[in-house]
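Secondary and tertiary structure notes
Residues per chain, in single letters:
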Amino acid sequence: MLLAGVLVVLGLTAWRFARFGRLLACARPAPDSLVARVAALASRLGLRRVPPVLLVPARIPPMLWPHRGGPRLLLPAEMLPRLQAEELDALLAHELAHVRRRDHWVRLVEIAATAVFWWYPLTWWARRALRRAEERCCDEWVLRVLPRSARAYANGLLKSLTFVADGSGSLPALASGAGPVEDLEARLKEILMTRPAPHLASPWRLALAAAAALGLAVFPTHAQSSATKDEPATPAAESTPEAAPAPPVARPVLAVLCLAVLPQV
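Let me sum up the structure you'll find in this document. Remember, predicted model here, so these are calculated numbers, not experimental data.

Each value, and the rule that gives it
- Residues numbered from 1 in each chain as written.
- Predicted model: local features only at pLDDT ≥ 70, side-chain atom pairs only at ≥ 80, totals over all residues.
- Heavy atoms only, no water.
- Helix = DSSP H or I, 4+ residues; strand = E, 2+ residues; numbered from the N terminus.
- Core = buried A, V, L, I, M, F, W, Y, C linked by side-chain atoms within 4.5 Å.
- Buried < 20%, exposed > 50% of the residue type's maximum accessible area, 1.4 Å probe, protein only.
- Contact = heavy atoms within 4.5 Å.
- Pairing = 2+ DSSP bridges.
- Axes fitted to C-alpha atoms, helices over the stretch in contact; angles between N-to-C directions.

**Notes on unusual backbone geometry**
One non-glycine residue, R102, lies in the positive phi region at around 60 degrees. Relative to the helices and strands, R102 resides in the loop between α3 (85-101) and α4 (103-116).

**Focus on the nonpolar core**
Ranked by size, the top nonpolar core spans 38 residues in total, and within it L34, L75 and L92 carry the most contacts. Every element with two or more residues in this core is listed here: α2 (32-44), β2 (53-56), β4 (72-76), α3, α5 (121-145), α6 (150-165) and α7 (184-193). The greatest single-element share of this core, amounting to eight residues, is contributed by α3. Look past the residues within four positions of L34 in its chain and what remains in contact with it is V53, L55, L75, L80, L88 and L92.

**Details of the sheet that holds β2**
Spatial strand order, β1-β2-β4-β3: four strands in an open sheet with mixed pairing. In this open sheet, the two strands that pair with only one neighbour each are β1 (28-29) and β3 (63-65). Summarising the sheet, β3 and β4 pair through three bridges and their orientation is antiparallel. In the sheet register, W65 faces β4, and the bridge partner there is R72. Helix-sheet contacts for helix α1 (residues 2-23) involve β2, β3 and β4, and the interaxial angle to β3 is about 105 degrees. Along the sheet, α3 contacts β3 and β4; its crossing angle with β3, the most-contacted strand, is approximately 35 degrees.

In short, the description is geometric, and any link to function would need to be established separately.
Here's what the structure looks like:
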């Protein structure tokens, strides 16, 4: 039963990946002016390598697509004329922030964790929470790089949602940049009403990641030992041999969530 669930999750992911990949056969390279704009924003974000930019004739949001040679930045060709310059810059900065954070690699870890722990409800909660955390982190990057773009960024997100609303089908799990639609209202409020938090230096980010890993490794074991102490002892004569208690299955799922987000905020 468990193996069947793993095969279903992986098979569905592969099918969506192949179906969306056929759409990319119609993609074309972006014009030089747009590539130069992406390169300028990538430099401000500290990216050493600018991802190739492709225009897709489909109703999709701006997004990243994994590739053997590095992620591709996909933009819907029909939506570009509807965006003002500041709105386009904000949306491009958001997708480049995903590249800066290497969220396209996190997608692979997420899919692996979902396939192995598909039967555990916390897995699906952690997956959605991870996506929400990624989108908020990228929102912070946009407001740091373009500090006066809050209103334009919010308008760009609304235009992107309106454009995609007329489309059909779902995006594959490997795509980065398309956050949950139901989370958009909260994101817009945060974009318009809050200031980006100061960017943590690398030593602090490493310290937070180490603390998260240590807590995930120690806390479940400590809780399990405390629960064992609280249980009443049974007489030796009536005791029956039992298998050793299994380690908490939530630990790997939470590790994916914490270690993927904390080092890069």
